[in-house]
Amino acid sequence: MLQLTATPASALADEPVHIRVTGLPPLQMVTLTASLKDEKGKLFRSKAFYRSNEAGELDLKQAPSFGGDYVGVHPMGLFWSLKPERTFGRLLKRDVMNSPFLVTLDLYDSVGFQDSATVEPRVSQVVERWFSHPGTQRVQIREGRVRGALFLPPGEGPFPGIIDLFGGIGGLVEFRASLLAAHGFAVLALAYFAYEDLPKQLADVDLEYFEEAANLLLAHPKIRRLGIGVISVSKGAEFALAMACFLRQVVAIVCINGPNAVCDFPLRYRDLVMAPIQPFLERIQIDVLGAVRLRHFRGDPRDKRNQQSVYPIEKAQGQILFIVGENDESINSKEYAEQALEQLQSHGRSNGRMLAYPGAGHLIEPPYMPLCYASWTAHYFSVPLLWGGDPAAHAAAQEHAWGEIQKFFRQHLIQTSSKL
């Protein structure tokens, strides 16, 4: 009897799934596909071509894919190689509490590029990918100027507190915060533009807004009082670095593919105003897909004209983890991180380190999320932006970085405070 199993059939989105097929003829070539529709009905699909063993079985932990969207042994390849049916789509989970992503796995005889709407699969299996753990509490935050959502693990705590910042996508993005809450962290997904009564466009940036959010989180009765962490990506990583420099409440910062200087818009904090580094519009490149490459768009922070825009990272009291993708096509993130570390070292500081991932692009997300090579960012640019990355290398980076991020926060938000 032909069977396709995926274990567990319902799990957190950052947990691996073991896919097996039994009951096939020996040494038969088959096609395995995965598909899901996001909450707006947009379709994402992947496929790979496999051969059963002499016992008529197929185990994705051991068997290599011969072709399709990836090649080689990749047990979760069908998940991280999902591609949008429409170009420049990005897979984002919006409702993280009430529904999972439903991933349909289909098995077809032989190698095929057939339309799944007209050819029936031999066998199918639906997998639920959840973004929150049972018992997690989501609290809408509308206090003072602060807008966001706080995710609390079950129990009385106190829990290590983290602020989660995304980039130019704007709005309120919650899926990373809810997943971290499933691992024991209390996480405030913080919006800072294009949400409710916040500014519709990102322009002049007031660091006191982020300070207000940090104080709000620290004042919560279920949060450890000795400091908070920040996890961030892209434009959000710029603001996280500013928080590290100027806010003593912040003791552990993860900056994923961000700059080491003020970019695009001025940054204000009390009486301080930092101007952005000089951009060069003529350095913008257009990819073969029509997406814009911004990697060389911004000026060099080491240029004398830009020195006043460089963040005084030597003032940071907390620990800083830079995570960079070496195939980042949005910013020169590895060079920026190296400059920041050199700046720390030149002041006798050792509170920063970098994890660099060859082949990884700009949008390094939790494990098994598909690579977003390019997408629209409606609130920040009116053209699709190129993020970069090789799918398999990017997937490996996401899986490794996710574990390192959690270890980093546990070390500096739990173990450090327990010694005080």
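Predicted, not measured: the structure shown is a model, and the values here were computed from it.

As for the overall build of the protein chain
The helix and strand tally for the protein chain stands at six helices and 25 strands. Taking 420 residues into account, the globule formula puts the C-alpha radius of gyration at 22 Å, and the protein chain, at 22 Å, falls close to it. The 420 residues of the protein chain split such that 57% are buried. In the protein chain, of all internal contacts separated by at least 6 residues, the share reaching a separation of at least 24 is 69%. Split by element, the accessible area of the protein chain, about 17600 Å² in all, is 52% carbon and sulfur.

A short note on the packing of aromatic side chains
Going through the model one piece at a time under the given rule, you end up with 13 aromatic pairs. With a centroid separation of 5.7 Å and an interplanar angle of 85°, the aromatic rings of phenylalanine 101 and phenylalanine 131 are classed as edge-to-face. Taken together, the residues phenylalanine 101 in strand S9 (residues 101–109) and phenylalanine 131 in the loop between strand S10 (123–130) and strand S11 (137–143) connect sequence positions 30 residues apart. Judged by relative accessible area, phenylalanine 101 falls into the buried class, the value being 4%. When its relative accessible area of 1% is taken as the criterion, phenylalanine 131 is described as buried. A ring pair is formed by tyrosine 192 and phenylalanine 210, whose centres lie 5.6 Å apart and whose planes are at 55°; its orientation type is tilted.

Remarks on the pattern of salt bridges
With the rule as written, the count across this model stands at 25 salt bridges. Linking glutamate 211 and arginine 270 is a salt bridge whose minimum nitrogen-to-oxygen distance equals 3.1 Å. Pair noted here: glutamate 211 is in helix H3 (residues 207–219) and arginine 270 is in the loop between strand S18 (267–269) and strand S19 (272–274), with a separation of 59 residues, a long-range link. Residue glutamate 211 is classed as buried on the basis of its relative accessible area of 12%.

Description of helix H4 (residues 235–246)
Between its first and last C-alpha atoms H4 spans 17 Å; for twelve residues at 1.5 Å apiece the expected length is 16 Å, and the two agree. A large share of H4 lies buried, amounting to twelve of its twelve residues.

What about the pairing of strand S5 (residues 43–51)?
For S5, a buried count of seven out of nine residues is recorded, marking the element as mostly surrounded by other parts of the structure. The sheet contact formed by strand S4 (residues 29–37) and S5 spans nine bridges and is antiparallel. By the bridge assignment for S5, methionine 29 is matched with arginine 51. The turn linking S4 back onto S5 is made up of five residues, and glycine 41 within it adopts a positive phi angle of 85°. Looking at chain direction, S5 and strand S8 (residues 83–84) are connected through two bridges and run antiparallel. Bridge pairing in S8 places phenylalanine 44 opposite proline 84. As paired strands, S5 and strand S7 (residues 67–68) are joined by two bridges and run antiparallel to one another. Within S7, the position partnered with phenylalanine 49 by the bridge is glycine 67.

Thoughts on the pairing of strand S14 (residues 186–191)
Of all six residues in S14, six are buried, a share of seventy percent or more. Both faces of S14 are covered, namely the face carrying Ala186, Leu188 and Leu190 and the face carrying Val187, Ala189 and Ala191. Here strand S12 (residues 146–152) pairs with S14 via five bridges, running antiparallel. Each bridged residue has a counterpart across the sheet, and for phenylalanine 151 the counterpart in S14 is valine 187. A crossover connection joins strand S13 (residues 161–165) to the parallel S14 through helix H2 (residues 175–181); in handedness this β-α-β unit is right-handed.

A closer look at the environment of valine 262
Its location among the elements puts valine 262 in the loop between strand S17 (250–256) and S18. For valine 262, a relative accessible area of 0% translates into the label buried. Between the alpha carbons of valine 262 and methionine 274 there is a distance of 6.9 Å; along the sequence they are twelve residues apart. In this structure, valine 262 is in contact with Glu238, Leu267, Met274, Ala275, Pro276, Ile277, Ser309 and Tyr311, ignoring residues within four places of it in sequence.

The rules behind the values
- Residues numbered from 1 in each chain as written.
- Predicted model: local features only at pLDDT ≥ 70, side-chain atom pairs only at ≥ 80, totals over all residues.
- Heavy atoms only, no water.
- Helix = DSSP H or I, 4+ residues; strand = E, 2+ residues; numbered from the N terminus.
- Rg over C-alpha atoms; globule rule 2.2 N^0.38 Å.
- Buried < 20%, exposed > 50% of the residue type's maximum accessible area, 1.4 Å probe, protein only.
- Contact = heavy atoms within 4.5 Å.
- Areas by Shrake-Rupley, 256 points an atom, 1.4 Å probe, with all protein chains shown as cover.
- Phe/Tyr/Trp six-rings, centres within 6.5 Å; stacked < 30°, edge-to-face > 60°.
- Salt bridge = Lys/Arg side-chain N within 4 Å of Asp/Glu carboxyl O.
- Expected span 1.5 Å × (residues − 1).
- Pairing = 2+ DSSP bridges.
- Right-handed = clockwise from strand over helix to strand, strands pointing away.

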